[in-house]
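# Chain and residue survey
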Amino acid sequence: MTIRRRDFLNGAVLAVGAGLLPWQLVRAAQAQQAGYPPALTGLRGSHPGSFEVAHQMGWEKKLFDTDSLPVQEEYDLVVVGAGISGLAAAWFYRERHPQARILLLDNHDDFGGHARRNEFRAGGRLILGYGGSESLDSPKANFSDQVHRLLQALGIRLERFDQAYQHRLYEELDSAVFFDRQTFGEDRLVVGEPDGEAEDEPDWAGFIGRFPLAEADREALRALYEDEEDYLGELPADERKDYLASLSYRDYLKRHVGLSEAAIAYFQQRSSDEYGYRIDFLPASDARYAGYPGFARLGLEEDEGEEEPYIYHFPDGNAGVARLLVRDLIPGVAPGSGMDDVVLAAFDYGRLDVPGQSVRLRLSSTAVSVRNRDEGVDVGYSRGGQLYRVRGRHCVLACYNMLIPYILRDLPAAQAKALSQNVKLPLVYANVVIRDWTSWAKLGMQEVYSPGMPFSVVKLDYPVDLGGYRAPRDPQQPICLHMVQVPHAPGVGPDLRTQARAARMQIYITSFEQYEAQIRDQLQRLLGKAGFDGQRDILAITVNRWPHGYSYYSNSLFDGPDGGEAVMNAARQPLGRVAIANSDAGWDPYLHGAVDQAWRAVGELG
């Protein structure tokens, strides 16, 4: 990868803005010069340089003419998008065609898509963080045979996480809620949120009694958690499930529980991290499924599915899976053979795109045209300001599905309309390395929910030991804080897609300096009383911004009786020698969904 002087200087400015110490600044500069993206700080995720060409097509309706260019390379398969789905598609295709020549194109400077690895050095040790796709979610319930088979082939043993995840490291630390003065009249941290898994009877009265709310609102919240009642009154039992699917959790709390606006504000961002939007757009039926209060006395059957622990997490999140896929597809890129040794394996990005190897991965390359030909598929792409054309016998589009109508020529209008409904939900994952976590230990907490702050969730990183990497045991050691922000456009709607588009613009107009200011302000207010000093204790900040974040998934408030099934099926139909993958194609924002769509797409190519 060639780094121009302008790019180097921009990276240096971002690093200075992140409050890095001189040695960290030098390391960040060296990482950029060496072409090693995981070690870069500042704005990552959808970083400057990765989206401008796509916006020319989407916003300016620019058409890039690559038909007149010579075909410079020919492959059996060209994959657009080197996220989990694109990498899995290449893997499944190679499994069917062991001698196949495959090219993967990606617009980012790193592979993995949302499965993004962030690296830091502090206190003489490597600190890893995840900048997007987080964990393997409920493998027993959610993984198909093909997902299990792929993970096993890559050397992932799910039972290994039982030992890797350090269950007891934070067992003395609680969850907390931070009430901000802008929303609730004063800054107040309330530690000790009752744990639904605890053996003792949860003390909701004691916890809620410390909220900075009026007595009537505290009593209403206490009753909601402890007393509950049948809030649907005379509504017949056989109509209740459908009714809960027809209104938001916010409307349920206001209309049926009778909470005031001040009390509802406590719940406002409860769903942001898990669902990607606020309770304004969360169906009450989904809130019930997630275990939110207010539904215990409705007489509805409880879900009897097996509860699985949320422990299937690499130290760098699902970037660990992406690295395993890349190493398997391109063996020369890194040493090793299993899930343990990939954690600390040194990846040589200069080996990703070498002439003569059977699989090549070309970064910083944005597809601008995909056209079926009698002899295959022509793919035009932009790289470094230049246009190129390659040809594949087949093509898999594993990119954001919203982009496909702009690049796949001759796409039927009905399918283009269906694809445009795959609106991804914006989100921001910030990783902040702090000098130590004594302030967290003093306060007795491991995670904070902030209903009125920019980052709704701030938490200590997952405690995982794997492949020689160890989670910090001593509060005197540096640690990575994970912070989650889900942009929201107040008053914009009424549907979720309109909200997502409007909220996305907030990401594009927010600079790194503004994110940094939000992070520093929020952490100081959260931790300052326990001795935390942001100017001294914050060592590095990486902001992974994803204007196109979670893939859209079925929402009963907006997607009709079939949950959008017809739209989804229409959107992902193959066209000639081109098949469509990505988690978007299955309306499933999880790794297993991305892999399943890759398997389906490769199967459609015959």
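Given the structure is predicted, the values throughout are model-derived calculations rather than measurements.

So, how was this worked out
- Residues numbered from 1 in each chain as written.
- Predicted model: local features only at pLDDT ≥ 70, side-chain atom pairs only at ≥ 80, totals over all residues.
- Heavy atoms only, no water.
- Helix = DSSP H or I, 4+ residues; strand = E, 2+ residues; numbered from the N terminus.
- Buried < 20%, exposed > 50% of the residue type's maximum accessible area, 1.4 Å probe, protein only.
- Contact = heavy atoms within 4.5 Å.
- Areas by Shrake-Rupley, 256 points an atom, 1.4 Å probe, with all protein chains shown as cover.
- Axes fitted to C-alpha atoms, helices over the stretch in contact; angles between N-to-C directions.
- Parallel < 35°, antiparallel > 145°, perpendicular 65-115°, else oblique.
- Nonpolar A, V, L, I, M, F, W, Y, C, P; charged D, E, K, R; others polar.
- Domains from an automatic or database assignment.
- Salt bridge = Lys/Arg side-chain N within 4 Å of Asp/Glu carboxyl O.
- Expected span 1.5 Å × (residues − 1).
- Phe/Tyr/Trp six-rings, centres within 6.5 Å; stacked < 30°, edge-to-face > 60°.

## Quick notes on the overall build of the protein
If you tally the helices and strands in the protein, you get 24 helices and 17 strands. Once the C-alpha set of the protein is aligned to its principal axes, its extents read approximately 75 × 60 × 45 Å. Across the 606 residues that make up the protein, the buried fraction comes to 58%. In the protein, once contacts between residues fewer than 6 apart in sequence are set aside, the share between residues at least 24 apart is 71%. Counting only carbon and sulfur atoms, one obtains 48% of the accessible surface of the protein, whose full area is about 24200 Å².

## A word on unusual backbone geometry
Of the consecutive residues glycine 493 and proline 494, the connecting peptide bond is found in the cis state with omega at 5°. Residue placement: proline 494 occurs in the loop between β15 (479-485) and α20 (496-509). In this structure, aspartate 410 takes a positive phi of about 70° despite not being glycine. Within the secondary structure, aspartate 410 is located in the loop between α17 (404-407) and α18 (413-419). Residue aspartate 410 is classed as exposed on the basis of its relative accessible area of 60%.

## Regarding the packing of helix α4 (residues 84-96) against helix α6 (residues 145-153)
When two helices pack together, their arrangement is given by the angle between the helix axes and by the axis-to-axis distance. Interaxial distance between α4 and α6 falls to 12 Å at its minimum, and their mutual angle equals 85°. By the angle between their axes, α4 is roughly perpendicular relative to α6. Contacts from Ala88, Trp91, Phe92 and Glu95 of α4 reach α6 at Gln146, Arg149, Leu150 and Ala153. Looking at the contact of α4 with α6, its residues break down into five nonpolar, one polar and two charged.

## A closer look at the environment of alanine 414
On the secondary structure map, alanine 414 appears in helix α18. On the basis of relative accessibility, which here comes to 61%, the residue alanine 414 falls in the exposed class. Sequence separation between alanine 414 and proline 70 is 344 residues, and the spatial gap between their C-alpha atoms is 32 Å.

## Examining the domain arrangement of the protein
Interfaces are often sized by the accessible area lost when the parts come together. Each assigned domain of the protein is listed here: domain 1 (51-115 + 315-422 + 555-604), domain 2 (166-207 + 423-550) and domain 3 (213-308). Here the C-alpha centroids of domain 2 and domain 3 sit 24 Å apart. Contact residues are listed per partner, giving 28 residues for domain 2 and 20 residues for domain 3. The interface formed by domain 2 and domain 3 contains one salt bridge. Between arginine 270 and glutamate 193 there is a salt bridge, and its shortest N-O distance comes to 2.8 Å. At three residues, helix α9 (residues 204-208) tops the list of elements feeding residues into the side of domain 2 that touches domain 3.

## Some thoughts on the pattern of salt bridges
Overall, the coordinates contain 43 salt bridges when judged by the stated rule. With a closest N to O distance of 3.8 Å, arginine 470 and aspartate 465 form a salt bridge. Judged by relative accessible area, aspartate 465 falls into the buried class, the value being 11%. A salt bridge links aspartate 559 to arginine 497, with the nearest nitrogen and oxygen atoms 3.2 Å apart. In this pair, aspartate 559 is assigned in the loop between β16 (538-550) and α23 (565-571) and arginine 497 in helix α20, connecting sequence segments 62 residues apart.

## Quick look at the side chain of serine 272
Within the element layout of this structure, serine 272 appears in helix α14 (residues 272-275). The class for serine 272 is buried, based on a relative accessible area of 0%. Contacts of serine 272, omitting those with residues within four sequence positions, involve Tyr277, Arg278, Ser456 and Val486.

## Concerning α4
In this model, α4 (13 residues) spans 18 Å end to end at C-alpha, consistent with the 18 Å of a helix rising 1.5 Å per residue. Burial within α4 is extensive, with 10 of its 13 residues counted as buried. Here α4 has its buried residues at Ile84, Ser85, Gly86, Leu87, Ala88, Ala89, Ala90, Trp91, Phe92 and Tyr93.

## Things to note about the packing of aromatic side chains
Counting across every chain of the model gives 35 aromatic pairs. The interplanar angle of 40° and the centroid separation of 6.0 Å between the aromatic rings of tyrosine 130 and tyrosine 462 together place this pair among those described as tilted. Separated by 332 residues along the polypeptide, tyrosine 130 in strand β5 (residues 125-130) and tyrosine 462 in the loop between β14 (457-460) and β15 bring together distant segments of the chain. The class of tyrosine 130 is buried, set by a relative accessible area of 1%. Note on tyrosine 462: relative accessible area 14%, which makes it buried. With a centroid separation of 5.5 Å and an interplanar angle of 55°, the aromatic rings of tyrosine 249 and tyrosine 292 are classed as tilted. Here tyrosine 292 lies in the loop between α15 (284-289) and α16 (319-329) and tyrosine 249 lies in helix α12 (residues 249-257), a separation of 43 residues in the sequence. Its relative accessible area of 0% is what places tyrosine 249 among the buried residues.

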